[in-house]
Amino acid sequence: MEVKIAESWKKILKDEFEKPYFHQLVNFVKSEYNKYKVYPPGKLIFNAFDHCSFDDLKVVILGQDPYHGEGQANGLCFSVNTGIRKPPSLVNIFKEIQSDIGNSIPESGNLERWAKQGILLLNATLTVRANHAGSHQNKGWETFTDAVIKQISDKKSGIVFLLWGAYAQKKGAVIDKNKHYVLQSAHPSPFAAHRGFFGNKHFSKTNEFLVKNGKTPIKW
């Protein structure tokens, strides 16, 4: 099956695109886009991969579902387009960065600049029906993104995985912790951030690890 995804990832994931579940997933997603308003726009479904090549990959941040409000989802987990109000979880991420390394909170919530530095901003589910959170869960996306994580774990070494919240931590079970640096904490949502996301210092810890391993630190 021909999938419009960055070439470096296409080589890694080509076998996945031929599996029966992925064909069923594609049919489901096409049907949803034809019948309903679905986010992100079709051309941005694989945006996380298009902005971060497999070769340049340094960090993986796992999210769950794309934002389902008007104009929010841009194919990168936790990210919104410039000019869109920052959702609470993203606000809390920026607050922790400020507390951890002293960066001022940026005006834009667009995290493309992170992706271009080698951060894969991967949602577990890559599409969602407008105003219906979780509407595209259990349709095949999770199987696909599990395969992505497994391929990264198997084929790379020294990748930093940031797993925030129980869902991301469960999804990260396939990561080889002997080869990679896995950081876990509570989720940045307002319901959980005070239970261990604030103060986790994941951003400075990530950069310390990258520098120690001869890689360029992230400009958060």
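The residue numbering used here restarts from 1 in each chain and proceeds along that chain's sequence as written. Per-residue local features of the predicted model are confined to residues with pLDDT of at least 70, and side-chain atom pairs are confined, for both listing and counting, to 80 or more; whole-chain, interface and lining totals are unaffected and use all residues. Side-chain numbers here rest on the full set of heavy atoms in the structure, without hydrogens or water.

### Structural notes on helix α8 (residues 202–212)
Logical step 1: Partly exposed residues are those whose accessible area sits between 20% and 50% of the maximum for their type, while under 20% is buried and over 50% is exposed, using a 1.4 Å probe and protein chains only. Only runs of H or I of at least four residues qualify as helices and only runs of E of at least two qualify as strands under DSSP, and these elements are numbered from the N terminus. Looking at α8, one finds that the buried residues are His202, Phe203, Ser204, Thr206, Asn207, Phe209 and Leu210.
Logical step 2: Whether two residues are in contact is decided by their heavy atoms: any pair within 4.5 Å suffices. Tucked into the core, α8 has its buried residues touching β2 (59–63), α4 (88–101), α5 (112–115), β5 (160–164) and β6 (181–185).
Logical step 3: The positive-phi residue at the C-terminal boundary of α8 is Gly214, with phi of around 75°.

### What about the sheet that holds β5?
Logical step 1: Pairing between two strands requires that DSSP report at least two bridges joining them. Strand order across the open sheet formed by four strands is β3-β2-β5-β6, with parallel pairing between neighbours. What marks the edges here is a single partner per strand, and that holds for β3 (119–123) and β6. Taking each pair of neighbouring strands and ignoring which way they run, the sheet shows an average axis angle of 15°.
Logical step 2: As paired strands, β5 and β6 are joined by five bridges and run parallel to one another. Looking at β6, one finds that Trp164 is bridged to Ser185.
Logical step 3: Only the stretch in contact is used when fitting a helix axis, every axis being a line fitted to C-alpha atoms; angles between N-to-C directions are given from 0 to 180 degrees. Across the sheet, helix α6 (residues 141–155) is in contact with β2, β3 and β5; its angle to β3 comes to roughly 155°.

### Considerations on the side chain of His202
Logical step 1: Checked against the element boundaries, His202 lands in helix α8.
Logical step 2: By relative accessible area, His202 is classed as buried at 2%.
Logical step 3: Side-chain polar atoms of His202 contact the side chain of Trp164, separated by 3.0 Å.
Logical step 4: With residues near it in sequence (within four places) discarded, His202 still touches Asp100, Leu162, Trp164, Leu183, Gln184 and Ser185. Here a polar contact is taken to be a pair of N or O atoms separated by no more than 3.5 Å, where protein atoms must pair a possible hydrogen donor with a possible acceptor and residues adjacent in sequence count only if both atoms sit in side chains.

### What to know about the pattern of salt bridges
Oppositely charged side chains can pair when the atoms bearing their charge come close.
Logical step 1: Every case where a carboxyl oxygen of Asp or Glu lies within 4 Å of a side-chain nitrogen of Lys or Arg is listed as a salt bridge. Inspection of every chain in the model, using the stated rule, returns six salt bridges.
Logical step 2: Here Asp154 and Lys150 are joined by a salt bridge, their closest N and O atoms 2.8 Å apart. Of this pair, Asp154 and Lys150 both sit in helix α6, four residues apart, which is roughly one turn of that helix.
Logical step 3: Under the relative-accessibility criterion, Lys150 is labelled partly exposed at 37%.

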